[in-house]
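Overview (structure and organization)
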Amino acid sequence: MAADSTTLKKGYAQLVLPAVMAAALIYFIVLAKGAIFPFILSAALAYILSPMIRYFEVRGIKRTYSVAGLYISVGALLFIGVYLLFHFLSYDLETLQRAWPAYAGRIETYFTNLNAKVTASFPFLAGLKLNDKLQHLLDLAPQFLLGLLPALSLLFIVPFITFFMLIGGAGIIDYLLDHLPSRHSELILHIASRIDGSLGNYLRGILTEAFIIFLIAFTGLVLMDLNYAAVIAILIGVSSLVPYLGAIVGAVLSSVVAYLQFGTLLPIIKILAFFTGIRFFDDWFLQPYIMKKAVKLNPAIILLALMAGGEIGGIWGVVFSIPVTCILKEILLIAIELQETEFRWKPKPEPTRISIPFT
Amino acid sequence: MRFLNILNSIYDEEILRKLDFLRGIRLFEGIRKRAMIHVLESLQERTYLKGETIFAQGDIGRALFIVFSGKIALSRLDPATQKSDVIAEVHPGEFFGEMALLEEMPRTATAVAAEETKVFMLFKIKLDSLLFARPKIGVTIASQLARILSARLRAIMEKPAEN
């Protein structure tokens, strides 16, 4: 009995140091939230890129050279892409800032007329002062768009941190793997590979999908000679991370811009047809091919996750809501499976009648 | 000459050694050298120190273990005498725990590292991925696995006749 209680005390004592370290880490993260954020983004990027490094590693290229090679080749391509994008983007944003007062005036006139008609029919709506609210929103719009530019500096900081994470990452992971409790390492690695499989496939899949949609939208809008094609295509690409939202955002934004730019109905019809095409292409070709191995998330769950993420962590809560939901779903599935295997909730059916003699 | 030196510093000889090692494993017989890279990608490495338990009898199995270096002792507890006897030793190039690749059922023996041992682990989920993404490799492994299990079953069935 005494021996048992000593073992139990020793068992609890083993947990003290890791618990203190975990608490200190959480406290540090809370204190340095702002500084840590690029590192969290870099860790996510390193995780997404790690299969590419592994691809070269198993083919005999040392990790340092694999990372350097990947950065030099893909980085150069991306740099050109980002540079061109910035070129288009800054031009678009400057043009938008200059043209905005005229556009805002047209939108305001349209809504003032609409408001006059509506309040004439329903006088109680006059109390809502819709005109003032619209005016306030229109004043804020250009500042909001320009306010997004500093966030783009992350585009340079994050790859820099990711580089060092990719080079040093393998060593830390190997160290952790070798120091897992030996008897439980099989189970822990099983859980880790399950989460890695579904989360990795989902993230890589959805990012590839968003990038392809961005490219198609950008090319299509440039060919249609629509203003602010780069800004709209980026918004479409980002909103494509939410199922169905990309095409809707694209259709609405492009239609508004087309109305302001051309003032006729035909370009709007062309744009709507284009985005309907993108939607079907995504549903019939992209998703079945890219997302076939990823964890399946119901669109309603995705919306709930995004709203909850926004509530908890603002814009970055939204960014990380989907990966966290993937992890939670996989953990839930694993937990149910563990109940069935470790605790025998359900007897496993025999694959055949095993009493048939071996022949 | 200098160019060759640069190439040597970029190339990891250890990978070549691992690929050659895997080619000698019975489970991977019939898989071409180039395709063996995908097998290596699916394997997880881990080093166990002398005396560490890899799994215990009754634990749910989820992976097959291939011994790369060192030695593993497999022992089984006799329910009648409550005594544990070493039933086999697994040496480099050999593997154990293959039943875990077919079903997640309790292990029938305890595996302990008899000396510092490096193993490759093939998880059921990785074999499933191989079957899905690279059917040629997956089917070769599954067919080898079936042959090995059949041979072991035959050996067990034929044992009483010898006595």
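Along each chain, the written sequence defines residue order, and numbers are assigned to residues from 1. All chains are assigned letters beginning at A, and all ligands numbers beginning at 1, according to the order in which they are written. At least 70 in pLDDT is required for a residue's local features to be given in this predicted model, at least 80 for side-chain atom pairs to be given and counted, and no such filter applies to totals for whole chains, interfaces and linings, which use all residues. Here the side-chain values reflect all heavy atoms present in the structure, with hydrogen atoms and water set aside.

Observations concerning the sheet that holds strand β1 (residues 44-48) of chain B
Residue and element names in this part refer to chain B. Heads up, the condition is: Only when DSSP finds a minimum of two bridges between them are two strands counted as paired. Strands here are runs of E lasting at least two residues and helices are runs of H or I lasting at least four, both read from the DSSP assignment and numbered beginning at the N terminus. In this description, contact between two residues means that some pair of their heavy atoms is separated by no more than 4.5 Å. Orientation is described by axes fitted as lines to C-alpha atoms, over the contacting stretch for helices, and by angles from 0 to 180 degrees between their N-to-C directions.
Taken in spatial order, the four strands make up an open sheet running β1-β8-β3-β6, and their pairing is antiparallel. The open sheet has two free edges, formed respectively by β1 and β6 (95-96), since each of these has just one partner strand. Bridge count for strand β3 (residues 63-69) against strand β8 (residues 117-123) is six bridges, and the pairing is antiparallel. Residue pairing in the sheet places Ala 63 in a bridge with Phe 123 of β8. In this fold helix α2 (residues 13-23) packs onto β1, β3 and β8, with an angle of close to 120 degrees to the strand it touches most, β3.

Details of the pattern of salt bridges
Using the following cut-off: Salt bridges are counted wherever a side-chain nitrogen of Lys or Arg sits within 4 Å of a carboxyl oxygen of Asp or Glu. Buried, partly exposed and exposed residues are distinguished by accessible area as a fraction of the type maximum, computed with a 1.4 Å probe on protein chains only: under 20%, between the cut-offs, and over 50%, respectively.
Under the criterion given, the structure shown has 13 salt bridges over all chains. Taking the shortest distance from any N to any O, the salt bridge between A:Glu57 and A:Arg63 comes out at 3.0 Å. Here A:Arg63 falls in the buried class, since its relative accessible area comes to 17%. Across the salt bridge formed by B:Glu98 and B:Arg152, the nearest N and O atoms sit 2.3 Å from each other. Taken as a pair, B:Glu98 in the loop between β6 and β7 (110-113) and B:Arg152 in helix α5 (residues 135-162) lie far apart in primary sequence, 54 residues in all.

With respect to the interface of chain A and chain B
The criterion, for reference: Two parts lose some accessible area (1.4 Å probe) when they are put together, and adding that loss for both gives the buried area. Within 3.5 Å is the distance limit for a polar contact, defined as a pair of N or O atoms, with the added protein rule that one can donate a hydrogen and the other accept it, and that residues adjacent in sequence qualify only through two side-chain atoms. For this classification, the nonpolar set comprises Ala, Val, Leu, Ile, Met, Phe, Trp, Tyr, Cys and Pro, the charged set comprises Asp, Glu, Lys and Arg, and every other residue, Gly included, is treated as polar.
Tallying the contact residues gives 31 residues for chain A and 41 residues for chain B. Buried surface at the junction of chain A and chain B, summed over both partners, amounts to about 3100 Å²; 56% is from carbon and sulfur atoms. Here chain A is connected to chain B by two salt bridges. Measuring nitrogen to oxygen at the nearest pair gives 2.7 Å for the salt bridge that ties B:Asp59 to A:Arg183. Applying the counting rule to chain A against chain B returns nine residue pairs in polar contact (both at pLDDT 80 or more). With seven residues, helix α6 (residues 185-223) of chain A is the single largest residue contributor to the side of chain A that touches chain B. For the side of chain A that touches chain B, the per-class residue count stands at 11 nonpolar, seven polar and 13 charged.

What to know about the confidence of the model for chain B
Stated formally: One confidence number per residue, pLDDT, is output by the predictor and ranges from 0 to 100.
For chain B, mean pLDDT is 87; residues scoring 70 or higher make up 95% of the total. The ipTM assigned to the predicted complex is 0.81, against a pTM of 0.71.

Re the sheet that holds β7(B)
Residues and elements named next belong to chain B. Strand order across the open sheet formed by four strands is β2-β7-β4-β5, with antiparallel pairing between neighbours. Each edge of the open sheet carries a strand with a single partner, namely β2 (53-55) and β5 (83-90). With direction set aside, neighbouring strand axes in the sheet form an average angle of 30 degrees. Taken together, the two bridges between β2 and β7 define a ladder with antiparallel strand orientation. Considered in β7, the bridge of Thr 53 is made with Val 112.

A look at the packing of aromatic side chains
All names here are of chain A. Quick reminder of the rule: Pairing of aromatic side chains here covers Phe, Tyr and the six-membered ring of Trp, requires ring centres within 6.5 Å, and sorts the geometry by plane angle: under 30 degrees stacked, over 60 edge-to-face, intermediate tilted.
Scanning the model with the defined rule gives 15 aromatic pairs over all chains in all. A centroid spacing of 5.3 Å and a plane angle of 90 degrees characterise the contact between Tyr 55 and Phe 56, whose relative ring orientation is edge-to-face. With a centroid separation of 4.9 Å and 35 degrees between ring planes, the pair formed by Phe 280 and Trp 284 is classed as tilted. With a gap of four residues between them, Phe 280 and Trp 284 both fall in helix α9 (residues 266-290), about one helical turn apart. By relative accessible area, which is 39% here, Phe 280 ends up partly exposed. Here Trp 284 falls in the exposed class, since its relative accessible area comes to 60%. Taken together through their ring pairs, the aromatic side chains of Tyr 71, Phe 160, Phe 163 and Phe 164 make up a single cluster.

So, unusual backbone geometry
All names here are of chain A. Of note in the backbone geometry, Asp 225 takes a positive phi value of approximately 65 degrees without being a glycine. Among the structural elements, Asp 225 can be located in the loop between α6 and α7 (229-239). Overall, the relative accessible area of 54% leaves Asp 225 in the exposed class.

What to know about the packing of α6(A) against α7(A)
Residue and element names in this part refer to chain A. Quick reminder of the rule: Should an angle fall under 35 degrees it is called roughly parallel, over 145 degrees roughly antiparallel, and 65 to 115 degrees roughly perpendicular, with every other angle called oblique. Rotating anticlockwise by less than a right angle from the far helix to the near helix defines a left-handed crossing, while the corresponding clockwise rotation defines a right-handed one.
Viewed as axis vectors pointing N to C, α6 and α7 meet at an angle of 155 degrees, and their least axial separation amounts to 8 Å. Taken together, α6 and α7 sit at an angle that is classed as roughly antiparallel. By crossing handedness, the relation of α6 to α7 is classed as right-handed. Residue-level contacts link Ala 210, Ile 213, Phe 214, Ala 217, Phe 218, Leu 221 and Val 222 of α6 to Ala 229, Ala 230, Ile 232, Ala 233, Ile 234, Ile 236 and Gly 237 of α7. Grouping the constituent residues of the contact of α6 with α7 by class yields 13 nonpolar, one polar and no charged.

A look at the side chain of A:Arg63
Along the polypeptide, A:Arg63 turns up in helix α3 (residues 63-121). A polar contact of 2.7 Å, which involves the side chain of A:Arg63, links it to the backbone oxygen of A:Leu166.

Structural notes on the packing of α6(A) against helix α10 (residues 299-342) of chain A
Residues and elements named next belong to chain A. Two elements in contact, α6 and α10, have axes whose closest approach is 10 Å; the angle formed by their N-to-C orientations is 135 degrees. One finds that α6 runs oblique with respect to α10. Helix-helix and strand crossings are classified by hand; for α6 and α10 the assignment is right-handed. Within the contact between the two elements, α6 uses Leu 187, Ile 191, Arg 194, Ile 195, Ser 198, Leu 199, Tyr 202 and Leu 203 and α10 uses Ile 302, Ile 322, Pro 323, Cys 326, Ile 327, Glu 330, Ile 331, Leu 333, Ile 334, Glu 337 and Leu 338. Of the residues that constitute the contact of α6 with α10, the class distribution is 15 nonpolar, one polar and three charged.

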